Amino acid sequence: MNRDKIAIIGLGYVGLPLAVAFAEKYCVVGFDISQSRIDELNKGFDQTLEVEDELLKSVLRKSNNQVGLINTNQVQDIRDCNIFIVTVPTPIDEDHNPVLTPLVRASETVGSVMKKGDIVIYESTVYPGATEEDCVPVLESTSGLKYNEDFFCGYSPERINPGDKEHTVKKILKVTSGSTPEIAERVDELYRSVITAGTYKAASIKVAEAAKVIENSQRDINIAFVNELAMIFNKMNIDTVDVLEAAGTKWNFLPFRPGLVGGHCIGVDPYYLAQKSKKAGYYPQILLAGRRLNNSIGPYVGSQVVKLLMKSGKVVNKSRVLVLGITFKENCPDIRNSRVIDIIEELREFEVKVDVYDPWANAEEVKREYDLDLIDVLDFSDFDGIVLAVAHKEFGGGFLSSISPGTVVYDVKSFLPKETITSRL
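Residues numbered from 1 in each chain as written. Predicted model: local features only at pLDDT ≥ 70, side-chain atom pairs only at ≥ 80, totals over all residues. Heavy atoms only, no water.

What follows covers the sheet that holds strand S12 (residues 408–411). A sheet is described by the order of its strands in space; here five strands give the open sequence S10-S9-S11-S12-S13, paired in parallel fashion. Since the sheet does not close on itself, it has two edges, and those belong to strand S10 (353–357) and strand S13 (423–424), each with one partner. Across the sheet, helix H12 (residues 340–349) lies against strand S9 (320–324), S10 and strand S11 (385–388), angled at about 160° from S10, the strand it touches most. (Pairing = 2+ DSSP bridges. Helix = DSSP H or I, 4+ residues; strand = E, 2+ residues; numbered from the N terminus. Contact = heavy atoms within 4.5 Å. Axes fitted to C-alpha atoms, helices over the stretch in contact; angles between N-to-C directions.)

The six strands lie next to each other as S3-S2-S1-S4-S5-S6, forming an open sheet whose pairing is parallel. A strand with exactly one partner marks an edge of an open sheet, and here the two such strands are strand S3 (68–72) and strand S6 (152–155). The sheet shows a mean angle of 20° between the axes of neighbouring strands, direction not considered. The pairing of strand S2 (residues 27–31) with S3 spans five bridges and is classified as parallel. Residue pairing in the sheet places Cys27 in a bridge with Gly68 of S3.

Next up on the list: the packing of aromatic side chains. One pass over the full model with this rule turns up eight aromatic pairs. Aromatic side chains Tyr147 and Phe151 sit 5.8 Å apart centroid to centroid with 45° between the ring planes, which places their arrangement in the tilted category. A centroid spacing of 5.1 Å and a plane angle of 45° characterise the contact between Phe395 and Phe399, whose relative ring orientation is tilted. There is no split in this pair, since Phe395 and Phe399 are both buried. Three or more aromatic residues joined by ring pairs make a cluster, and in this case those are Tyr357, Phe380, Phe395 and Phe399. A cation over a ring is seen here: Lys250 above Trp251, with NZ or CZ 5.4 Å from the ring centre. (Phe/Tyr/Trp six-rings, centres within 6.5 Å; stacked < 30°, edge-to-face > 60°. Buried < 20%, exposed > 50% of the residue type's maximum accessible area, 1.4 Å probe, protein only. Lys NZ or Arg CZ within 6 Å of the ring centre and 35° of its normal.)

On to the nonpolar core. Note that soluble globular proteins tend to have their nonpolar side chains buried in a common cluster. Grouped together as the largest cluster of nonpolar side chains are 36 residues, with contacts concentrated most on Val301, Ile326 and Ile344. The set of elements that each furnish at least two residues to this core consists of helix H7 (205–235), helix H11 (297–311), S9, H12, S10, helix H13 (363–370) and S12. The element that contributes the greatest number of residues to this core is H11, accounting for seven residues. Other than its neighbours up to four places away in sequence, Val301 contacts Ile343, Val387, Tyr410, Val412 and Leu425. Listed in part, the 35 residues of the second largest apolar core include Ala7, Val113, Met114 and Ala130. (Core = buried A, V, L, I, M, F, W, Y, C linked by side-chain atoms within 4.5 Å.)

Turning next to helix H4 (residues 101–111). Those residues of H4 lying buried are Leu103, Ala106, Ser107, Thr109, Val110 and Gly111. For H4, the secondary structure elements touched by its buried residues are strand S1 (5–9), S2, strand S4 (83–86), strand S5 (119–122) and helix H5 (130–143).

For the structure on display, the rule yields 26 salt bridges. We note a salt bridge from Asp242 to Arg424, for which the minimum N-O separation is 3.5 Å. With Asp242 in helix H8 (residues 240–247) and Arg424 in strand S13, this residue pair connects regions lying 182 residues apart in the sequence. Lys367 serves as the salt-bridge partner of Asp371, at 3.0 Å between the closest nitrogen and oxygen. Given a relative accessible area of 35%, Lys367 falls into the partly exposed group. Counted as one network, the salt bridges with shared partners bring together Glu185, Asp188, Arg192 and Lys201. (Salt bridge = Lys/Arg side-chain N within 4 Å of Asp/Glu carboxyl O.)

Our focus in this paragraph is unusual backbone geometry. Here the phi dihedral of Asn237 falls at roughly 60°; this positive angle occurs in a residue that is not glycine. Tracing the sequence through the fold places Asn237 in the loop between H7 and H8. Given a relative accessible area of 75%, Asn237 falls into the exposed group. You will see that Ser414, though not glycine, has its phi angle at about 50°, which is positive. Residue position: Ser414 is located in the loop between S12 and S13.

Two elements in contact, H4 and H5, have axes separated by 8 Å at closest approach and are oriented at 35°. Between H4 and H5 lies a crossing of right-handed hand. Seen from H4, the contacting residues are Leu103, Val104, Ser107, Glu108, Val110 and Gly111; seen from H5, they are Cys135, Val138, Leu139, Thr142 and Ser143. For the contact of H4 with H5, the per-class residue count stands at six nonpolar, four polar and one charged. (Left-handed = near helix turned anticlockwise from the far one by under 90°. Nonpolar A, V, L, I, M, F, W, Y, C, P; charged D, E, K, R; others polar.)

In structure tokens, the structure reads:
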């Protein structure tokens, strides 16, 4: 049995799959502040659907010294661990400023139980320098230990893609780093023992942090470009997807599609890099332009739907529109930072009555996060317009075959057959 005992701090979309992967070879303690989350995991159920119930149940253990996983919200249960991996969220506030509160609190928790020789590895997406400039001082002040003498740090950015059953945690190449050359090798070896896709040892913690934050920033900028193309081609009465498919016949054309950009990564991470850039004395141009463009897409879609309702002879402020999907992406229950809400709010600005249907989303979470009541019974004859906002598999096939003639159908995701819709992004 491996002598390392690993604590995973945060058991969400990132932490739980990682904990399960390590639990196949190590003693792992999963720590989360949510009692309800701990209770469901200890029953062998993961509401995020990232880990199958049977796999989760297979790694749960009862003894504290066995290979496998124990889940807890009690700090004393992680006291005898020697490796701590922090996987808490790193959100932004309403002004798009990074919020490091979860990271700081997790660091305080780890610092309160840390011992000499322990290693703390961060996976949360941050700006370059956050581990050593923001987290290490918290670890030092809480523990009374000295960095790179008494304890050490690493950074290995998460690359989880929620809802993706092909690119799972063990199948995604892992970037690793450490606070000394010896610790960098130690961290790399640790991940290499469970990541079948292999690892890449970065030159430093800052390099690893920067690599992660630009992965999502690059996608954000590319999507912003095709979103702007969609706006341009709409003015010209040209179908954007037709254009992209034609251009995509060239071998080096990048296959991005227009759409909403939300979630906990792509719609958030560029702001982390932008803030650090501004503090370093450079105001980023393309980075923030891409964010502004992508943030405008929800309202743009809403306004396009209103125009289509008017063209079809509907009285806008007496119209009823069905929005299909509220999660931030298809076939996934994750509603964090979903930009579908922007479409809904724009429609409501014109006094359109909006109903939302999503077979993947948790109704209680949606109510808590967005103050929306999901509907669970569909009668398409009740609606003047339908917006397919999320391409859940349930919405394919003949899902909309019974809609009334004259119903406006707007397809945000280019998911439906072209001949069955009124317009698409």
